[in-house]
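Remarks on the overall topology
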Amino acid sequence: MRLLIVEDEKRLATALARGLAAEGYAVDLAHDGVSGLRLAREQGYDLIVLDIMLPGLNGYRVCGQLRAAGDTTPILMLTAKDGEYDEAEGLDTGADDYLTKPFSYVVLKARIRALLRRRPQTGPQVLRIGDLTVDPAARRVDRGGVDIALTTKEFAVLEHLVRHAGRVVSKADILAHVWDFAYDGDPNIVEVYVSALRRKLDVPFDRRSITTLRGAGYRLEADGGRDA
């Protein structure tokens, strides 16, 4: 899941990004309305956390322009405690929910989960490929009825592969959806997580479901063939 946080209070934005990244989300940041609108238009996000009081363009205008362009990405709007900016106006411009500052981080996470659950589903909510079952809402994985414990990043990589089962997924695509566009570390980190998934998902069950296609990426199948 990839989120965009548009918040001009940089310390708050950074803290939220770190916390949500620890939950397994890929998080991008923007600190003004103009760059937030540009990112929202250029990148594919699962949800946007949008402050109202932003330099350049305020949150109302960002939300309104996205909705006018037909963008249906869920938007959680952050409103001021003193009521200067009315949450009703935020909802009228197309926001899906609002949260008043200061807010509880636990409540923020719960609101994000609720909005993601309410998104129109383009496929089954529980993903199955062969005897492998992935439940994104419960963050649960099992193979043949045996529960498999994954870290948040391992789960995010697996979910992306399962959602594109049978197709080749490039390393760059995994980085973009599981990390964020600003990630400047070693791209071979993807190989580390794919190897970890093989040790947990394939080796104990005598499977070869994740295939490496050198120079192209990875493909997940019910029981894949040899590495190419």
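Attention in this report is confined to the structure presented alongside it. (Residues numbered from 1 in each chain as written. Predicted model: local features only at pLDDT ≥ 70, side-chain atom pairs only at ≥ 80, totals over all residues. Heavy atoms only, no water.)

A short note on the pattern of salt bridges
To keep things clear, this is the line we draw: Every case where a carboxyl oxygen of Asp or Glu lies within 4 Å of a side-chain nitrogen of Lys or Arg is listed as a salt bridge. Secondary structure elements are taken from DSSP: a helix is a run of H or I of four residues or more, a strand is a run of E of two residues or more, and numbering for both begins at the N terminus.
Scanning all chains against the criterion turns up 16 salt bridges. Between D131 and R207 there is a salt bridge, with its nearest N and O atoms 2.6 Å apart. Separated by 76 residues along the polypeptide, D131 in the loop between β6 (127-129) and β7 (132-135) and R207 in the loop between α8 (189-202) and β10 (210-213) bring together distant segments of the chain. Salt bridges sharing common partners tie together E7, E9, D51 and K101.

Describing the pairing of strand β3 (residues 47-51)
We count it as follows: Think of it in three bands: residues with accessible area under 20% of the maximum for their type are buried, residues over 50% are exposed, and the middle band is partly exposed, with areas taken using a 1.4 Å probe on protein chains only. Note on pairing: DSSP must find at least two bridges between two strands before they are called paired.
Of all five residues making up β3, five are buried, and the element is well covered by its neighbours. Here β3 shows two buried faces, one formed by L47, V49 and D51 and the other by I48 and L50. Judged from the four bridges that link them, strand β1 (residues 2-6) and β3 form a sheet pairing that is parallel. From the neighbouring strand, V6 faces β3, where its bridge partner is L50. Note that β3 and strand β4 (residues 75-79) share four bridges and pair parallel.

Focus on the nonpolar core
To keep it simple, the criterion reads: Only buried residues count toward a nonpolar core, which is a set of Ala, Val, Leu, Ile, Met, Phe, Trp, Tyr and Cys residues joined through side-chain atoms within 4.5 Å. When checking whether two residues touch, look at their non-hydrogen atoms; a contact exists if any pair is within 4.5 Å.
Counting 24 residues, the largest nonpolar core has V134, V141, L158, L161 and I174 as the members making the most contacts within it. At the level of secondary structure, the elements contributing two or more residues to this core comprise β6, β7, α6 (152-163), α7 (171-178), α8 and β11 (217-220). Excluding anything up to four places from it in sequence, V134 contacts Q125, V126, L127, R140, V141, F155, L158 and V162. Ranked by size, the runner-up nonpolar core spans 19 residues in total, among them A40, I48, L50 and V62.

Points about the packing of aromatic side chains
Note the cut-off: Two aromatic rings, drawn from Phe, Tyr or Trp (for Trp, its six-membered ring), form a pair once their centres lie within 6.5 Å of each other, and the interplanar angle then sorts them: stacked below 30 degrees, edge-to-face above 60, tilted otherwise. In this scheme, the term charge over a ring applies when either NZ of a lysine or CZ of an arginine sits within 6 Å of the ring centre and within 35 degrees of the ring normal.
What the rule picks out here adds up to zero aromatic pairs. If you follow R139 out to its NZ or CZ, it ends over the ring of Y25, 5.6 Å from the centre.

Some thoughts on the environment of D223
By the secondary structure assignment, D223 is in the segment after β11. Along the sequence, D223 and T211 sit 12 residues apart, while their C-alpha atoms lie 9.1 Å from each other.

Some points on helix α5 (residues 105-118)
Selection criterion: Expected helix span is computed as 1.5 Å times (number of residues minus one). Residues adjacent in sequence count toward polar contacts only when both atoms are side-chain atoms; beyond that, a polar contact is any pair of N or O atoms within 3.5 Å, and within protein one must be able to donate a hydrogen and the other to accept it.
In this model, α5 (14 residues) spans 20 Å end to end at C-alpha, consistent with the 20 Å of a helix rising 1.5 Å per residue. Turning to α5, its buried residues number three or more, namely L108, K109, I112, A114, L115 and L116. Turning to α5, the residues buried within the fold contact β1, α1 (10-22), β3, β4 and β5 (97-100). Backbone nitrogen of V106 and a side-chain oxygen of the N-cap are separated by 3.2 Å at the start of α5; the cap is S104.

Quick notes on the sheet that holds β1
We apply this condition: Orientation is described by lines fitted to C-alpha atoms, with helices fitted over the stretch in contact, and by angles between N-to-C directions that extend from 0 to 180 degrees.
Spatially, five strands are ordered β2-β1-β3-β4-β5 in an open sheet, and the strand pairing comes out parallel. Across the chains shown, the open sheet's two edge strands, defined by having one partner strand only, are β2 (26-30) and β5. The sheet shows a mean angle of 20 degrees between the axes of neighbouring strands, taken without regard to direction. One ladder, built from five bridges, connects β1 with β2; its direction is parallel. When the sheet's bridge partners are listed, R2 is paired in β2 with A26. Running over the sheet, α1 touches β1 and β2 and is turned about 170 degrees from β2. On the sheet, α5 packs against β1, β3, β4 and β5 and is oriented at approximately 180 degrees with respect to β5.

Quick look at the sheet that holds strand β8 (residues 140-143)
Strand order in this open sheet of four strands is β6-β7-β8-β9, and the pairing throughout is antiparallel. Edge strands, defined here as strands with exactly one partner in the open sheet, are β6 and β9 (146-147). As judged from the two bridges shared by β8 and β9, these two strands associate in the antiparallel manner. Directly across from R143, in β9, lies its bridge partner V146. Sheet strands touched by α6: β6, β7 and β8. Its angle to β7, the strand with the most contacts, is close to 115 degrees.

Details of α7
As a reminder, the rule being used: The arc in question is the one spanned by the directions pointing from the helix axis to the C-beta atoms.
Within α7, the full set of buried residues consists of I174, L175 and V178. Take α7 and look down its axis: the buried residues cluster within an arc of 100 degrees, on one side only.

The values reported here are purely geometric and, on their own, carry no functional implication.
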